[in-house]
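# Structural features, examined
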Amino acid sequence: MTSCMVKLTSLRLPLTGLLTIFGITGFLYLVAAKILLHNFAQAERQLVQLNLQRVEGTITNDLNQLQSKIYEYAHWDDTYNFIKTQNANYIKLTWTDIPLTNLQLNIVALVNASSQVVFKKNFDFQTQQEKPFPEALNHGGKLDQAFVRYFVNDNGSHGLLMLPEGALLIASSPILTSEIKGPSRGTLFLGRYLDQMAIKRLEQLTQSSIALYPIQKASLPEDVQRAAISLRDLPSEHFIQPLSANRVAGYLLLRDVFNQPALIVRVDTARTVYQQGLFSLRYLGASLLLVGLVCGIAIYVLLRRLVQSMVIERDRQQLSELNEKLEHLVEQRTAELREQTIVLQASKEAAEVANQAKSEFLANMSHELRTPMTAVLGYADILTCTELSDEQEEYVEKISRNGNSLLTIINDILDLSKLEVGILKITAQPFALEDLTGSLIYLFQQQAADKGLLFTAAIDPTLPASFIGSFDRLQQVLTNLISNAIKFTEIGKISLWIDSPEAGDELGIKLRFTVQDTGIGIAPPDQARIFESFTQVDSSFTRLYQGTGLGLSICRKIVHLMKGEIGVESALGQGSTFWFTVVLEPFRSLASSAADDTHTPVPTAPVSPQILVVEDVEDNQILMEQMLQRLGYQCDLVSNGQEALDRLAQKTYELVIMDCQMPVLDGYETTRRLRQQQDPKHRTIVIGITAHAMSGDREKCLAVGMDDYLSKPFRMEDLGDLLQQWLLLHRYT
């Protein structure tokens, strides 16, 4: 019984501490969640308000343009004379269907000084047909007196008018001479309906989903009714409310020319900002839970040790009257506990050091991910140049394939960053369509066969053989589309077809690339969002198909950079067809270029150029040396920037391969000092090598004096091309 009581006493304090830690963690999560969601909700509200302001500004701009147009026609001598003479030629020359279509006008009315309507026309420029003139504007051949009071004046007016035929943007102006002199002979009216075509144009201008609701309509949607009530009370404010987890709506009240509530404008916006906040909150909760768990366990262990120490100390005091042997044993046990406390303290300090190291690791994640990939892909490259058995070749191929898959994920993240800031380059060069399809068949035919699928690629035989364009970016887009097709197809086939949907012209030929599969298909609601960043059809943690959700977003951005379009046609359970189009210029000079290359002497690099490799990682030193040897070069190796400067002071090198991240002295500072010491006429070529591949890294290398830049990991052929280019340039300049 006493033993049980002691155990309960020893456990009570640690358990209390553990529960306290979890309580604090939960409280922190709730506070952070409230702050984060509030901030994201505010950001979402600002976005919706901006969209509302854009819609309101667009409508105001339309009214101003309408007022500008009416000012020109009302102050025209022909218009001024027509009111008096009513010459029919004026109408035939001025207000026929073509001018109304060009001006996008529905309503034209000429009213004399006695409010008599001398000419009126209601024209639908979409159907090119004339319609009955609104009775609300014309009572027995005269303008309604309510409109006379508002529109007939010395300056004219403009605004919104609610008619049975629909909402009308209308403007008026007194009819004067071209010298703006009177007296006024009447008033000119021009109007344009806010119909579906106008709404569609507003949606294109504002990039929003827009709907208009007459406020006097008998039945309005519930959300619009709530907005109308709120906007009547606060007419100068906007009303914003969520419609669902994925959509939020903003509402704007438009008043008519008589300052009466007329229209409710609803602007729907995707809740991408708020959804991102929820996504961040999940990660925050997971992080806090992990931190709370680690801290709770650590405190539990510490408190339990402390309680044990207190119990032992109490027992030692109670047994102080026992013999010296028992006292010695108690003291020995106490000493052991003190040693354990010291060890625990040392472990705690080590854990703090490890935690700091982890933070530094996270800060250099991009660099540290790409550095080992250099060795993996580089040595795999070298292995392919050696004699291997069939089994070894298969292993090397799997290493390269999986390494490239990991590199693809890293590059997707980097490409997305470059695309967002607008620095991804699209370089054009001649290439053959057969080379493009051949590389894709080489990449994916075996992968498709492993799943029992048939992969085919075909080209319309009427197309030219070669074009000028970005081979790499086309291959990147097609690689992503074909990889997805194989991933989501279990039975059937995947086919690639290249053709032209229309005849070409002198500017180029529009090529259409189509990737069709017989896979699981995509539901219509999901097709509209699969090209968004970090978006997948199934976003649950238990989804069957894994991925980053970046590939299709990058494809869309690359195709748009190439002035093309991309889309998908799919039915759930029946497969998908992804397509994109680009306009490329045919290349018709391959033969002549080859002939020119045959007869033109090409300078070659020096037989034994002096190359210095500055690299601090031993594996990468060996890799660089092996690559250079296989490329036909010899090199010297040093481990940091200071050693490089010392070696350059002793020996002349034509080219230096400089790692940017090194101890003692990094590549940037080394290059700065080298350029300060060198005569500009005898300049050593410096090529920077770094695992950093974010935007601005190339500019940073060039800014310190490097001649070129190569990001890790790289292939042996990339290194060979770069060396040949600079060594040839150095030799003949």
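The structure we're discussing is the one just above.
Residues numbered from 1 in each chain as written. Predicted model: local features only at pLDDT ≥ 70, side-chain atom pairs only at ≥ 80, totals over all residues. Heavy atoms only, no water.

What follows is about the nonpolar core. Core analysis: the biggest nonpolar cluster contains 45 residues, and Trp95, Leu110 and Leu188 have the highest contact counts within it. For this core, the element with the most residues is helix 1 (residues 2–74), which contributes 9 residues. Apart from residues no more than four positions distant in its own chain, Trp95 is found in contact with Tyr73, Tyr90, Leu100, Leu105, Val108, Leu110, Phe119, Lys121, Leu188 and Leu190. Grouped together as the second largest cluster of nonpolar side chains are 40 residues, Phe455, Val477, Leu478 and Val568 included. (Core = buried A, V, L, I, M, F, W, Y, C linked by side-chain atoms within 4.5 Å. Buried < 20%, exposed > 50% of the residue type's maximum accessible area, 1.4 Å probe, protein only. Helix = DSSP H or I, 4+ residues; strand = E, 2+ residues; numbered from the N terminus. Contact = heavy atoms within 4.5 Å.)

Turning to its location among the elements, Arg271 is positioned in the loop between strand 12 (261–270) and helix 8 (272–318). Excluding anything up to four places from it in sequence, Arg271 contacts Glu44, Pro242, Ser244, Ala245, Asn246, Arg247 and Val248.

Taken together, 4 strands build an open sheet; the order of strands is 9-12-11-10 and the sheet is antiparallel. Whereas interior strands pair on both sides, the edge strands pair on one side only; in this sheet they are strand 9 (209–214) and strand 10 (239–242). Mean inter-strand twist for the sheet, computed between neighbouring axes without regard to direction, equals 25°. Where strand 9 meets strand 12, 6 bridges bridge the pair, whose relative direction is antiparallel. Its bridge partner being in strand 12, Leu212 is matched across the sheet by Val265. (Pairing = 2+ DSSP bridges. Axes fitted to C-alpha atoms, helices over the stretch in contact; angles between N-to-C directions.)

In this section: the packing of aromatic side chains. Tallied over the entire structure, the rule returns 10 aromatic pairs. With 4.9 Å between their ring centres and 40° between their planes, Tyr73 and Trp95 make a pair best called tilted. Taken together, the residues span a long stretch of sequence, with Tyr73 in helix 1 and Trp95 in the loop between helix 3 (88–94) and helix 4 (97–103) at a distance of 22 residues. As far as the burial class goes, Tyr73 and Trp95 line up, both buried. Taken together, a centroid distance of 5.7 Å and an interplanar angle of 70° make the contact between Phe431 and Phe471 edge-to-face. Highlighted residues: Phe431 in strand 13 (residues 429–432) and Phe471 in helix 13 (residues 471–487), separated in sequence by 40 residues. Since its relative accessible area comes to 16%, Phe471 is described here as buried. (Phe/Tyr/Trp six-rings, centres within 6.5 Å; stacked < 30°, edge-to-face > 60°.)

Turning to its location among the elements, Ala691 is positioned in the loop between strand 23 (685–690) and helix 20 (697–703). Sequence separation between Ala691 and Lys712 is 21 residues; the distance between their C-alpha atoms is 4.6 Å.

Note that Thr94 resides in helix 3. The exposure class assigned to Thr94 is buried, which follows from its relative accessible area of 5%. In this structure, Thr94 is in contact with Tyr73, Trp76 and Pro99, ignoring residues within four places of it in sequence.

What follows concerns the pattern of salt bridges. Enumeration over the complete set of coordinates arrives at 16 salt bridges. The closest approach of N and O atoms between Arg271 and Glu44, which form a salt bridge, is 2.9 Å. On the criterion of sequence distance, the pair formed by Arg271 in the loop between strand 12 and helix 8 and Glu44 in helix 1 is long-range, its members being 227 residues apart. Like Arg271, the residue Glu44 is buried in the burial classification. Lys121 is paired through a salt bridge with Asp97; the nearest N and O atoms lie 2.9 Å apart. Here Lys121 is found in strand 2 (residues 117–124), whereas its partner Asp97 is found in helix 4, with 24 residues between them in sequence. The buried category is assigned to Lys121, whose relative accessible area is 8%. For Asp97, a relative accessible area of 31% corresponds to the partly exposed category. (Salt bridge = Lys/Arg side-chain N within 4 Å of Asp/Glu carboxyl O.)

This paragraph deals with unusual backbone geometry. Of note, the bond from Lys712 into Pro713 is cis; its omega dihedral lies within 30 degrees of zero at -10°. Relative to the elements of secondary structure, Pro713 occurs in the loop between strand 24 (708–711) and helix 21 (716–731). A positive phi angle, near 60°, is found at Ile180, a position not held by glycine. Along the chain, Ile180 turns up in the loop between strand 7 (166–174) and strand 8 (186–193). Here Ile180 falls in the partly exposed class, since its relative accessible area comes to 42%.

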